[in-house]
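# Structure at a glance
Residue-level listing of the chains:
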Amino acid sequence: METLLKTALNTSTLVRTGQSGGGCINQGEAYITDNGTVFVKSNGRPQARIMFEGEMEGLKALGATGIVTVPRPISVLDNPDGGACLVMEFIEMKGLRSLSQKLGEDLAKMHMQNVLLENKSNRITDKVQMDYVPNFGFHTVTCCGYIPQENEWNEDWVVSSIFKIKLDYQFRLLEKEKGDRDSIEMWSRLQIILPKFFKDQKIRPSLLHGDFWSGNVAQTKRHPVLFDPAAFYGHHEYDLATAGMFGTFSKSFYDAYHKIIPKASGFEGRHRLYTLFHYLNHWNHFGDGYKGSAMAVMRSLLK
């Protein structure tokens, strides 16, 4: 791996800093190089390159908004020992504390950027030239965890929607890998009533982080930092689902966010619906410990 990194980064210096990170899926390590410090995420799975290529494109898209701070991606490399790695800029950061309000503002502004560009093609926004994206989806596969997401461009969010397709894929995985029929039966009932959660709502595409929770945010002294995206264009409320599931963001975060994007009618029902995707995704990743939560959400949605 070190020989590979030296060649790819054109550096004779490659020294571990001792700063590492990781989670249930990937491992990470920081290295000092001739051109500065980089952070390298690695994964030994055969599909790791697809996962990291999607993450790289997500970081590029989020960074291109000029609104949020993300690590600058450098390269995706195949690991000779199997799997792949993603090389990115190293940012010295710590857990989110004092900048929660700023994070709420930044996330809402990022969600609103594409909406404000509608009918204003090639508008210069905050000195960044952006084109309006009229459909839901993304230009490449991105993964929430290591499971690929369906990102094919779609003009609809609800009925024949990209969101329905994403949910359906999770249920099909449960049926295939776990043989769970109870969830499939409930999904057959739930998908019929999906439109009711979006009654009188006009959903416009917003650029989403896609896996927005407390473990994927941090801060420097001046800026909140987002990382580990599963990016695509979708309904802005989708990003708030995981925010409340796995780690509590402060009141100042939510107040700042909703000052820019107020809650719309039916928000709470859609919030539960969006958490369903992530409970299913965790069930598929980590096992039956998440089954109870997923089934409880479905029962509440079907009432």
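Worth saying up front: this structure is predicted, and the values here are computed from it rather than measured. Residue positions are given per chain, counting from 1 as you read along its sequence in written order. Restriction of local features to residues with pLDDT of at least 70 applies here, the model being predicted, together with a cutoff of 80 or more for giving and counting side-chain atom pairs; totals for whole chains, interfaces and linings are based on all residues. Side-chain numbers here rest on the full set of heavy atoms in the structure, without hydrogens or water.

Here the focus is the domain arrangement of the chain. Note that domain bounds follow an automatic or database assignment of domains. Under the domain assignment used here, the chain contains domain 1 (1-89) and domain 2 (94-302). Between the C-alpha centres of domain 1 and domain 2 the distance comes to 25 Å. Contacts between the two partners involve 22 residues from domain 1 and, on the opposite side, 28 residues from domain 2. Defined here as a combined quantity, buried area equals the accessible surface (1.4 Å probe) lost by two parts on assembly, summed across both. Between domain 1 and domain 2 lies a buried interface of about 2000 Å² when both sides are counted; carbon and sulfur atoms form 73% of it. Note on contacts: a residue pair qualifies if any of its non-hydrogen atoms lie within 4.5 Å across the two residues.

This part covers the sheet that holds strand S2 (residues 27-33). Taken in spatial order, the five strands line up as S1-S2-S3-S5-S4 in an open sheet, and their pairing is antiparallel. Only two strands of the sheet have a single partner each, and these edge strands are strand S1 (14-22) and strand S4 (73-78). Across the sheet, the mean angle from the axis of one strand to that of its neighbour is 25°, orientation sign disregarded. For strand S3 (residues 36-43) and strand S5 (residues 84-89), the ladder comprises six bridges, and the chain directions are antiparallel. What makes two strands pair is DSSP finding at least two bridges between them. In DSSP terms, a helix is any run of H or I states spanning at least four residues, a strand is any run of E spanning at least two, and both are numbered starting from the N terminus. An axis is simply a line fitted to the C-alpha atoms; with a helix, the fit covers only the stretch in contact. Between two such axes, the angle follows the N-to-C directions and lies from 0 to 180 degrees.

Right, let's talk about the state of the cysteines for a bit. Disulfides are defined in this document as cysteine sulfur pairs within 2.5 Å. Going through the model one piece at a time under the given rule, you end up with zero disulfides. Here Cys85 stays unpaired: no disulfide links it, and the sulfur of Cys143, its closest cysteine neighbor, is 16 Å away. The buried category is assigned to Cys85, whose relative accessible area is 0%. Counting only cysteine sulfurs, Cys144 is the nearest neighbor of Cys143, a cysteine outside any disulfide, at a range of 8.9 Å. We call a residue buried when its accessible area falls under 20% of the maximum for its residue type, exposed when it is over 50%, and partly exposed in between, using a 1.4 Å probe and counting protein chains only.

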